[in-house]
Amino acid sequence: MSTPPESRIPVGRIISATGFKTTLGGGTLPEVVRLAMQEASSSTFQPDRLQAWAGEAISEATGSESGWITAGAAAGITMATAACIAGKGLAAMEALPAPTDPRAEIIIQRGHRNSYDRAFRNAGARLVEVGFPHIEGIGLTYEWQLEAAFTERTVAVAHVAIADDDGVPLERVCEIASAHGVPVIVDAAAELPPVSNLRRFVEAGAAVVTFSGGKAIRGPQGSGIFAARRDIVESVRLQTLDMDVDVARWVADEGGEPPHHGMGRTMKIGNEQIVGAVVALQEFVRRDHEAESAEQRRWLEDDVVPAVAGLGEATVRADMHFYPRLVVSGMGSELARDRIDRLANGTPSIIVAHAPQARGELVVLPEAIAIQDRVLVQEALAALPR
């Protein structure tokens, strides 16, 4: 008799009550995604052909010319940057991440700077900041500042979707960049749902949009959806594939010599992840996210609010987030930390967001909690001392 799969993992499992967080392993995979990945792992396929299929699926879902499955959204940003710097130039690809050509600058609004923009710098780009942080009405990015930043060294403009309200909005950024013949790269890692966001950034004029495959799409945790112009995807392809090839055949088929292993070779993604991400994307488009959100709200209101009675003031909110969330407030930062620690130290460990504890809040996000785990969350919350 084979050993049950659960016993092969000598690490206690957790329940993420703080959404699809990378540090918490994302979420569980839907059965249809698991089965697709199992099929992909039961045989061998040529990754290049799987990626061509993925490109068609991404194009259909997003309206982009083409697409690629990357090793996460951040890897997609790095590869987009590498493509914008090197194009299809073999010597330029080989030089990365230390480009020899000074044309390697990416413009970014200062209010869009964040810890993830290292992904641009990983490919050797230099970020050129414009504008000011927009905080409580102080500071802004003006169009003239963006215009003035373009030089012969500019290869792209970076735009962070979550910061779109701060400064020059995406549609206008794309118009200005297009006038300079420069592509716009959008970091939309956590901008799903709604499903309409799959197309919104491409329709606004973005040349590249990266989404996380392991968050709301519910694909493999280490995957990313890369929707882009065809020429950019082709550069990514050349910089990603294993180039152990028959040179004569490559020259005959591709019309030029092969590059060496490029930037993307260190961000390899397996056949299972490619197939799983594509199937998850297709399922994501078909799902009724409004109905899912409404059902999660009912669970929070009907079952979780009673479980936290006496802890503090419990409200179910839908602000700042597509999915609803339960906020228990008024307990003070020390008590909030204690309750959060008790949940984390339980069996199984239930992790809630840490940042709200400074406000004396305990916050429960339902989207990454599996249906079968809900009762465990309710029981753990009900067992907390009042």
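Description of the structure in this document.

### Comments concerning the sheet that holds strand β9 (residues 313-317)
- Here three strands make up an open sheet; going across it, the order is β9-β10-β12 and the pairing antiparallel. Of all strands in the sheet, those bounded by a partner on one side alone are β9 and β12 (362-364). For this sheet, the mean inter-axis angle between neighbouring strands, taken without regard to orientation, is 20 degrees.
- Pairing of β9 with strand β10 (residues 325-329) involves five bridges; the strand directions are antiparallel. Counted as the bridge partner of Arg 317 is Arg 325 from β10.
- Most of the contacts of helix α12 (residues 289-307) go to β9, to which it runs at about 170 degrees, and overall it touches β9, β10 and β12.

### With respect to the nonpolar core
- Judged by nonpolar contacts, the single largest core of 51 residues is most densely connected at Ile 69 and Val 186.
- With eight residues, the single largest contributor to this core is helix α11 (residues 271-286).
- Counting 35 residues, the second-largest nonpolar core is a separate cluster that includes Ala 83, Ala 119, Val 208 and Phe 226.

### Some points on the sheet that holds strand β5 (residues 154-160)
- Reading across the sheet, the seven strands line up as β2-β8-β7-β6-β5-β3-β4 and stay open at both edges, with mixed pairing between neighbours. Each having just a single partner strand, β2 (66-70) and β4 (126-130) make up the two edges of the open sheet. The sheet shows a mean angle of 25 degrees between the axes of neighbouring strands, taken without regard to direction.
- Pairing analysis gives five bridges linking strand β7 (residues 208-212) to strand β8 (residues 224-228), with the strands arranged antiparallel. Along β8, the bridge assignment pairs Phe 211 with Ile 225.

### As for the pairing of strand β3 (residues 105-109)
- Counting buried residues along β3, five of its five residues qualify, which places the element largely inside the surrounding structure.
- Burial along β3 is two-sided: the residues Glu 105, Ile 107 and Gln 109 and Ile 106 and Ile 108 are all buried.
- Sheet topology note: the β3/β4 ladder contains five bridges and is parallel. Looking across to β4, one finds that Gln 109 is bridged to Val 130.
- Relative to β5, β3 runs parallel, the two sharing four bridges. Residue pairing for β5: Ile 106 is matched across the bridge by Ala 156.

### A closer look at the packing of α12 against helix α14 (residues 374-382)
- For the pair α12 and α14, interaxial distance at closest approach is 9 Å and the crossing angle is 30 degrees. As the angle between them shows, α12 and α14 are arranged roughly parallel. As for the relative orientation of α12 and α14, their crossing is right-handed in sense. Here Glu 295, Gln 296, Trp 299, Asp 303, Val 304 and Ala 307 of α12 come into contact with α14, specifically with Arg 374, Val 377, Gln 378, Leu 381 and Ala 382.
- Across the contact of α12 with α14, the residue classes tally to six nonpolar, two polar and three charged.

### Quick notes on the side chain of Ser 212
- Of note, Ser 212 is situated in strand β7.
- There is a polar contact of 3.4 Å between the side chain of Ser 212 and the backbone nitrogen of Lys 215.
- Excluding its chain neighbours within four sequence positions, the residues that come into contact with Ser 212 are Ala 73, Ala 189, Ile 217, Ser 223 and Gly 224.

Conventions we followed
- Residues numbered from 1 in each chain as written.
- Predicted model: local features only at pLDDT ≥ 70, side-chain atom pairs only at ≥ 80, totals over all residues.
- Heavy atoms only, no water.
- Pairing = 2+ DSSP bridges.
- Helix = DSSP H or I, 4+ residues; strand = E, 2+ residues; numbered from the N terminus.
- Axes fitted to C-alpha atoms, helices over the stretch in contact; angles between N-to-C directions.
- Contact = heavy atoms within 4.5 Å.
- Core = buried A, V, L, I, M, F, W, Y, C linked by side-chain atoms within 4.5 Å.
- Buried < 20%, exposed > 50% of the residue type's maximum accessible area, 1.4 Å probe, protein only.
- Parallel < 35°, antiparallel > 145°, perpendicular 65-115°, else oblique.
- Left-handed = near helix turned anticlockwise from the far one by under 90°.
- Nonpolar A, V, L, I, M, F, W, Y, C, P; charged D, E, K, R; others polar.
- Polar contact = N/O pair within 3.5 Å; in protein donor to acceptor, adjacent residues only side chain to side chain.

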